[in-house]
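# Coordinates in review
Residue strings, one per chain:
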Amino acid sequence: MDADAFRAEFPVCARIAFLNAGSDGPVPTRGAEAAVRQVEHELHEGRAGRPHFERLLGMAGKLREQLAGLMACSPEDVALTRSTTDGVSTVMSALRLGPGDEVLTSDEEHPGLLAPLEAARRRRGFHVRIAPFAELADAIGPRTRLVACSHVSWVGGRVVDAAALAASDAMVLLDGAQGLGAVPTNPHELGCDFYAASGQKWLCGPDGSGCLYVRRHLADELDPPWPNYGSLADPSRPSDLDPHPGARRFDMGLSGPLFAWSLESVGLLADAGLDWVHERGTGLAARLADALAERGLTVSPRGRSTLVSWSSSDPEGDMAGLAANGIVVRYLPGRGLVRASVGAWSNEEDLDRLVAAAVR
Ligand SMILES: Cc1ncc(COP(=O)(O)O)c(C=O)c1O
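Residues numbered from 1 in each chain as written. Predicted model: local features only at pLDDT ≥ 70, side-chain atom pairs only at ≥ 80, totals over all residues. Heavy atoms only, no water.

## Quick look at the domain arrangement of the chain
Assigned domains of the chain: these are domain 1 (3-19 + 273-358) and domain 2 (39-270). On a C-alpha basis, the centroid separation for the pair domain 1 and domain 2 is 27 Å. With 26 residues of domain 1 at the interface, the matching set in domain 2 holds 22 residues. Both sides together, the interface formed by domain 1 and domain 2 hides about 1900 Å², and carbon and sulfur atoms give 65% of it. On the domain 1 side of the contact with domain 2, L274, H278 and R335 bury the most area, a combined 27% of that side's loss. On the surface where domain 1 and domain 2 come into contact, there are zero salt bridges. The interface formed by domain 1 and domain 2 contains eight residue pairs in polar contact (both at pLDDT 80 or more). (Domains from an automatic or database assignment. Contact = heavy atoms within 4.5 Å. Buried area = accessible area lost by both parts, 1.4 Å probe. Salt bridge = Lys/Arg side-chain N within 4 Å of Asp/Glu carboxyl O. Polar contact = N/O pair within 3.5 Å; in protein donor to acceptor, adjacent residues only side chain to side chain.)

The structure is reproduced here in structure tokens:
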């Protein structure tokens, strides 16, 4: 796709150097318009009975297919969640881990993984061990039942050695908040059992959207921790608690405006070509990392990803200073780092502006 045409899909990019998709991606016009159309439809037609419900189910089915297309997996392996955190919570709650079992995680995890992990540990009594992100595979031990870690670290953008994790006997849960939409994310190639991702970040969807890939045999074995109408095989017999086959048993409800926006955002990335989106975002990010390092900043260790972090004695102040210059990045509390998120919608001018303002 033509880079300027793609960028023009995101009006915010005309005003500011928007380098914060690691928190929330830029909103595409077609997503916003679709959400408004859906709200207007509901406003004027009413959310009336069966036709409304069938419409939402149809949208859910299409979105599941689109997301499966991004991950090159079957729609049956994808649950529609509300966030990465929800996906992690689902897995941590569904797995029957207990005393004597160990979950291995890393020193670069987000609260969206650590909080559900800790909540499950308190309920179930398993042991949690923390290893350095880059040494996770070597740290897997005989009691490790699950490795729960980021696909792409939110701290500096390092990419986990998924193949090395997959080579062990432990199950693997990848937190894909900084993965899906940013870098190639094929769960079969990554060899993971679970992949939890966000819709609002690199997929440019609404807040409160996300998905969870679950390896087929595990999906069929695990009970849904929060069953609901759509996650049952037969909602007319709810007390049977018979879950829907596949990952749909982990779905977290229906929303017309949210699905309408998500369908357009994911469709836009698919139209642009996912390989192109990945190549352009990671290529520009590598360029930014080089430019900052050449000018003397300490760039955190990173991989082929869309995140670039650098050390600062006043990260919060630097973020505010950049914002005053129309450049949106974030700082990472407690880490002494400022982080830029570079997407396929970014351009060289955004990067030049950031480099000029960051290097003082
Ligand atoms: C690595 C990582 N995991 C989880 C999250 C939380 O994502 P969500 O808000 O979709 O739960 C984030 C958000 O910044 C993240 O960077």
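## Thoughts on helix α13 (residues 315-324)
Buried within α13 we find P315, D318 and L322. The arc enclosing the buried residues of α13, seen along the axis, measures out at 60°, which places them on a common side. Looking at the buried side of α13, the elements it contacts are β9 (307-311), β10 (327-328), β11 (330-332), β12 (337-341) and α14 (348-358). G326 occupies a position one or two residues after α13 and carries a positive phi of about 75°. (Buried < 20%, exposed > 50% of the residue type's maximum accessible area, 1.4 Å probe, protein only. Helix = DSSP H or I, 4+ residues; strand = E, 2+ residues; numbered from the N terminus. Arc of directions from axis to C-beta.)

## Things to note about the pairing of strand β4 (residues 127-131)
Every other side chain in a regular strand lies on the same face of the sheet, so the side chains alternate between the two faces. Relative to β4, strand β3 (residues 102-106) runs parallel, the two being bridged by five bridges. Along β4, the bridge assignment pairs L104 with R129. Assessed by its sense of winding, the connection that carries the chain from β3 through helix α6 (residues 111-124) to β4 is right-handed. (Pairing = 2+ DSSP bridges. Right-handed = clockwise from strand over helix to strand, strands pointing away.)

## Quick word on the side chain of S346
You can see S346 is positioned in the loop between β12 and α14. Beyond its immediate chain neighbours, meaning those up to four positions away, S346 contacts R7, L19, R280 and L284.

## Section: the packing of helix α4 (residues 49-71) against helix α11 (residues 256-272)
As a packed pair, α4 and α11 sit with axes 10 Å apart at the nearest point and diverge in direction by 30°. Regarding the angle of α4 to α11, the classification is roughly parallel. Where α4 crosses over α11, the handedness of that crossing is left-handed. Counted together, L56, M59, A60, K62, L63, Q66, L67 and L70 of α4 and G256, F259, A260, S262, L263, V266 and G267 of α11 form the full contact between these two elements. Tallied by class, the residues present in the contact of α4 with α11 amount to 10 nonpolar, four polar and one charged. (Axes fitted to C-alpha atoms, helices over the stretch in contact; angles between N-to-C directions. Parallel < 35°, antiparallel > 145°, perpendicular 65-115°, else oblique. Left-handed = near helix turned anticlockwise from the far one by under 90°. Nonpolar A, V, L, I, M, F, W, Y, C, P; charged D, E, K, R; others polar.)

## Observations regarding unusual backbone geometry
Note: most residues except glycine have negative phi, and most peptide bonds are trans. With a phi close to 60°, C204 is a non-glycine residue in the positive phi region. Of note, C204 is situated in the loop between β7 (194-198) and β8 (210-214). The backbone of L241 sits at a positive phi, close to 50°, despite the residue not being glycine. Counting through the fold element by element, L241 comes out in the loop between α10 (216-221) and α11.

## As for empty space enclosed by the protein
In this structure the tally under the stated criterion is two cavities of 30 Å³ or more. In this structure, the largest cavity spans a volume of roughly 120 Å³. As for the largest cavity, its lining consists of 17 residues, and the residues nearest its centre are L63, G199, S209, G210 and S262. In terms of residue count, the dominant contributor to the lining of the largest cavity is α11 (five residues). Quantified by volume, the second largest cavity comes out at close to 30 Å³. Taken together, L70, L180, G181, V183, T185, L274 and H278 make up the lining of the second largest cavity. Partitioned by chemical class, the residues of the lining of the second largest cavity number four nonpolar, three polar and no charged. (1 Å grid on protein atoms, 1.4 Å probe; cavity = no way out; pocket = protein on both sides within 12 Å on 5 of 7 lines; lining within 4 Å. Points joined across faces, edges and corners; volume = space filled by probe spheres on them.)

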